[in-house]
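# Examination of the molecular architecture
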Amino acid sequence: MEKIYVKNKNKCKLVKAKPETIQFLLNYSKSLKITEADGIKFETNMN
Amino acid sequence: MELQIADSLLIKKYVDGDERALETLINRHNKRLSSFIYSKINDRGITEDIFQDTFIKVIRTLKRGRYNEEGKFLPWIMRIAHNLIIDHFRRNRRMPLFEGTNTFDIFSVICDEKLNIEKQLIKNQIDSDLVVLIEELPVDQKDVLMMRIYKDLSFREISENTGVSINTALGRMRYALINLRKIIEEHNIVLTN
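Attention in this report is confined to the structure presented alongside it. The model shown is predicted, which means the values in this text are computed figures rather than measured ones. (Residues numbered from 1 in each chain as written. Chains lettered and ligands numbered in written order. Predicted model: local features only at pLDDT ≥ 70, side-chain atom pairs only at ≥ 80, totals over all residues. Heavy atoms only, no water.)

Here we take up the environment of Gly65(B). All names here are of chain B. Turning to its location among the elements, Gly65 is positioned in the loop between α3 (44–63) and α4 (73–94). A relative accessible area of 55% means that Gly65 is categorised as exposed. Counting along the chain gives 50 residues from Gly65 to Val15, while the straight-line C-alpha distance between them is 7.5 Å. (Helix = DSSP H or I, 4+ residues; strand = E, 2+ residues; numbered from the N terminus. Buried < 20%, exposed > 50% of the residue type's maximum accessible area, 1.4 Å probe, protein only.)

A few words on helix α6 (residues 139–150) of chain B. All names here are of chain B. Taking 1.5 Å as the rise per residue, α6 with twelve residues should run 16 Å; its terminal C-alpha atoms sit 15 Å apart, in good agreement. Those residues of α6 that sit buried are Gln141, Lys142, Val144, Leu145 and Met147. Buried-residue contacts for α6 involve α5 (117–134), α7 (155–162) and α8 (166–186). Residue Asp152 follows α6 closely and has a positive phi angle near 55°. (Expected span 1.5 Å × (residues − 1). Contact = heavy atoms within 4.5 Å.)

What follows concerns the nonpolar core. By size, the foremost hydrophobic cluster in this structure holds 32 residues, and its most contacted members are Ile26(B), Leu33(B), Ile37(B), Phe51(B), Phe55(B) and Phe73(B). Broken down by secondary-structure element, the contributors of at least two residues to this core are α1 (19–31) of chain A together with α1 (7–15), α2 (19–41), α3 and α4 of chain B. Here the element with the most residues in this core is α4(B); it accounts for eight residues. Beyond its immediate chain neighbours, meaning those up to four positions away, Phe55(B) contacts Leu25(A), Ile26(B), Leu33(B), Phe73(B) and Ile77(B). Of all hydrophobic cores here, the second largest spans 15 residues; its members include Ile134(B), Leu145(B), Ile158(B) and Ala176(B). (Core = buried A, V, L, I, M, F, W, Y, C linked by side-chain atoms within 4.5 Å.)

Across the boundary between the two partners, chain B contributes 22 residues, which contact 18 residues of chain A. Overall, the association of chain B and chain A removes approximately 2,100 Å² of surface from exposure, summing both partners, and the carbon and sulfur fraction of that is 63%. It is Glu48(B), Lys63(B) and Arg64(B) in chain B that bury the most area against chain A; as a group they hold 28% of the surface buried on that side. Counting the contacts that link chain B with chain A gives two salt bridges. Run the count over chain B and chain A and you get eleven residue pairs in polar contact (both at pLDDT 80 or more). Residues that form the side of chain B that touches chain A fall into these classes: eight nonpolar, six polar and eight charged. (Buried area = accessible area lost by both parts, 1.4 Å probe. Salt bridge = Lys/Arg side-chain N within 4 Å of Asp/Glu carboxyl O. Polar contact = N/O pair within 3.5 Å; in protein donor to acceptor, adjacent residues only side chain to side chain. Nonpolar A, V, L, I, M, F, W, Y, C, P; charged D, E, K, R; others polar.)

Following this line, the structure appears as structure tokens:
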């Protein structure tokens, strides 16, 4: 009888952004520089 | 007991150039923000994308010095995510994306109207067979049929072109079809697609 039961793994995981996404954001933040000239702000992304 | 630095202090540190403060902020609100996005989107991939876009906006605003500590950090990022979710649904309404499931395939309902290669070959064969059969018809019937089917003329135009009345043209068309069927039956020709 027990054979007809399937062991269902609990597939429910808490949603969380992947470490790669976080790493990407941190790298993006490090590479982003804001420079100001004559009151205008410029974004530079140094990869 | 773990001492938690307030968001406002972390933001200040980050604006002053401490990149680690951002990491703490992201990790602190990761679960909350991701769950919020996922509760509206129900797709892990898109949740990641919106999470990423939210923090890109956060980073840009903070680095540009536009953030003012009027409200709290979490409600602010939630608002950004909320707006991005709305943008996502707006985009999707213009260009809806449908993904089938294991039990239902969208292509079982929607199909390409163009014939596939096999059907196109069969159709070409039938068309060429039909041309041979039409040649067997009497000239007056053949002319009417050709004008009607291949040149797409109306019966009025056919009557003007052939100099016969519309009724005669109609009659010739009728006999052309009857005779064609007769020829097909007599020779046991199968013309089906």
